[in-house]
Each structure stands twice: as structure tokens, then as C-alpha cells.
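Chain by chain, the residues:
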Amino acid sequence: MQKFYFSLLIALGLSACGNQPAENTVAITDTTAAKEQSSNMPAETKEKAAMKWAIEWKDSSFVAVSYIGYEKTIDGIKASEPFKSLALRLPQLNKIDEIAVKAQGEELYLIVPRDKDAKVTVYEYTFEMATKEKPEKSGMVYYKSETGSPFIVKGNISDICPNMQIELTSRNGESYTFSPSLSLENGKLSVARGMQELE
């Protein structure tokens, strides 16, 4: 009889241990706590986290670019389906309240630097620069920013020769320069090395 009670006590003890929650799983599975933690995050931290997950960056990319059509006003751009679709994934785009560069031409491009701390300069790009008669970045400065926040540019009077150059300098000093344009083959964004299309 003693053996029976002893066995019963061991079985009950093991059963009680098996029903105990694992100590390290609470933080992972408690979605309420996770939401509270997220709501207590500073706005800038949330924005960086959102940008990180909303764009699947390629290793070699410095910038993501989207061709957003020919709308002429910021209100028209923000009301367009392509822009609204992108803003669902990147709420930071809703902060854009003007077209940063209004050069000659009608093509509109959304520029999203990878490095949120990048310095941005948009230069005029002329035919003489394309033919090497004048050095690059010798044209007027259209736009400068000390942060890598998303921005919109308008330009490109000619499909053959873009009329602006965008220079991004990351916090570690790496520099990348490109000219947004459409491909003559299919009319879609021309994707150069170091950039990727934001779809």
C-alpha cells in the first residue's frame, strides 16, 4: 500500500510540473505586452522599424525609387492609387507635403534613401555634363537635406538626357549618385546599379 501512495505522489508531482508555463515564453507570446511596448516606443524608432520592414532592401542598394506618374500637385500625387498603396506600407510618406524639386519636365519620382541619416543633394544635370564638356555636379543645387527622409522630384524634359542628379552620402561617408529616368525600352523606371524599384 505504501508503494501505491508513493507512486501516486510522484505521478501528481510530475503532472503539476508539466502544467507550469515555460519561463521564457511569456515575453514572446504575450501580444498585449508587445503592443504596449510598441506604443511606448519613440516616434522616430517606430518610423525606422516601419521603414526596415516595409522595404526588402537588397545588399547593394543605396536607394529605392518609384516612378509615380505625371500629376502636377502634391494633393494630386497623394490622392493617386500608386502613392496611396505605397503609403500603406510606408506611413512616413504621408509626411511629404511638397514636391522637393520642380525642374523642367513632368516625370515624378519618389526617392527613399536607405540610410535615414544620409545627406541628400539634388543637382541640375545638363547636356554639357552628359557630354563631359562640364564636370558633374557643376550645375545649380535644386535641393539639400541633412536627413534621408523620403522626397519627391519632378523633371526630365527629355527621355534621352535626365536633367537632375541626386547624391546621397551615408553616415559612414559612402557616396552614391544617380539620375532617375524612364527606360526607352518599356517606359518603366530605369534601374541602375545601387538602386532598386519601390513597388
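Everything here concerns the structure above.
Keep in mind that what you see is a predicted model, and the values were worked out from it rather than measured.

Draft legend 1. Region of the structure containing the overall build of the protein chain. The helix and strand inventory of the protein chain stands at seven helices and nine strands. Evaluated residue by residue, the protein chain yields a buried proportion of 38% over its 199 residues. Accessible area for the protein chain stands at about 12,900 Å²; split by element, carbon and sulfur atoms hold 53% of it.

Draft legend 2. Quick look at the sheet that holds strand 2 (residues 101-102). Ordered by their spatial adjacency, five strands build an open sheet running 2-6-3-1-9, and the pairing between neighbours is mixed. Each of the sheet's edge strands pairs with one partner strand only, and the pair in question is strand 2 and strand 9 (195-197). Bridge count between strand 1 (residues 63-67) and strand 3 (residues 107-113): five bridges; the pairing is antiparallel. What sits directly across from V65, in strand 3, is I111.

Draft legend 3. Representation of the pairing of strand 4 (residues 119-124). As defined by bridge partners, strand 4 adjoins strand 7 (residues 164-169) across six bridges and the pair is classed as antiparallel. Paired with K119 across the bridge in strand 7 is T169. Taken together, the four bridges between strand 4 and strand 5 (residues 141-145) define a ladder with antiparallel strand orientation. Across the sheet, the residue bridging to V120 is S145, located in strand 5.

Draft legend 4. Focus on the environment of I96. Mapped onto the secondary structure, I96 falls in the loop between helix 6 (81-89) and strand 2. Judged by relative accessible area, I96 falls into the buried class, the value being 6%. Distance from I96 to P150, taken between C-alpha atoms, is 7.5 Å for residues 54 residues apart in sequence.

Draft legend 5. Examining helix 6 more closely. Of the positions making up helix 6, those classed as buried are F83, L86 and A87. In a view along the axis of helix 6, the buried residues occupy a sector of 100 degrees, so they form one face of it. Away from the buried face of helix 6 by more than 90 degrees, exposed residues E81 and L88 are located. The secondary structure elements touched by the buried residues of helix 6 are strand 1, helix 5 (74-79), strand 3 and strand 6 (151-155).

Draft legend 6. Spatial organisation of the environment of W57. As for its placement among the helices and strands, W57 is situated in the loop between helix 4 (43-54) and strand 1. Among the residues examined, W57 registers a relative accessible area of 18% and is labelled buried. Residues W57 and M195 lie 138 residues apart in sequence; the distance between their C-alpha atoms is 9.6 Å.

Draft legend 7. Structural detail: the side chain of D115. With respect to the helices and strands, the residue D115 is situated in the loop between strand 3 and strand 4. On the accessibility criterion, D115 (12% relative accessible area) is buried. A polar atom in the side chain of D115 sits 2.8 Å from the backbone nitrogen of D117. Among the polar contacts listed, one links the side chain of D115 to the backbone nitrogen of R171, at a separation of 2.9 Å. Excluding its chain neighbours within four sequence positions, the residues that come into contact with D115 are G148, S170 and R171.

Draft legend 8. Molecular detail of unusual backbone geometry. Even without being glycine, K132 reaches a positive phi, approximately 70 degrees. Along the polypeptide, K132 turns up in the loop between helix 7 (127-130) and strand 5. Phi is positive for N156, close to 65 degrees, though the residue is something other than glycine. Of the residues examined, N156 reaches a relative accessible area of 6% and is grouped as buried.

Rules behind the numbers
- Residues numbered from 1 in each chain as written.
- Predicted model: local features only at pLDDT ≥ 70, side-chain atom pairs only at ≥ 80, totals over all residues.
- Heavy atoms only, no water.
- Helix = DSSP H or I, 4+ residues; strand = E, 2+ residues; numbered from the N terminus.
- Buried < 20%, exposed > 50% of the residue type's maximum accessible area, 1.4 Å probe, protein only.
- Areas by Shrake-Rupley, 256 points an atom, 1.4 Å probe, with all protein chains shown as cover.
- Pairing = 2+ DSSP bridges.
- Arc of directions from axis to C-beta.
- Contact = heavy atoms within 4.5 Å.
- Polar contact = N/O pair within 3.5 Å; in protein donor to acceptor, adjacent residues only side chain to side chain.

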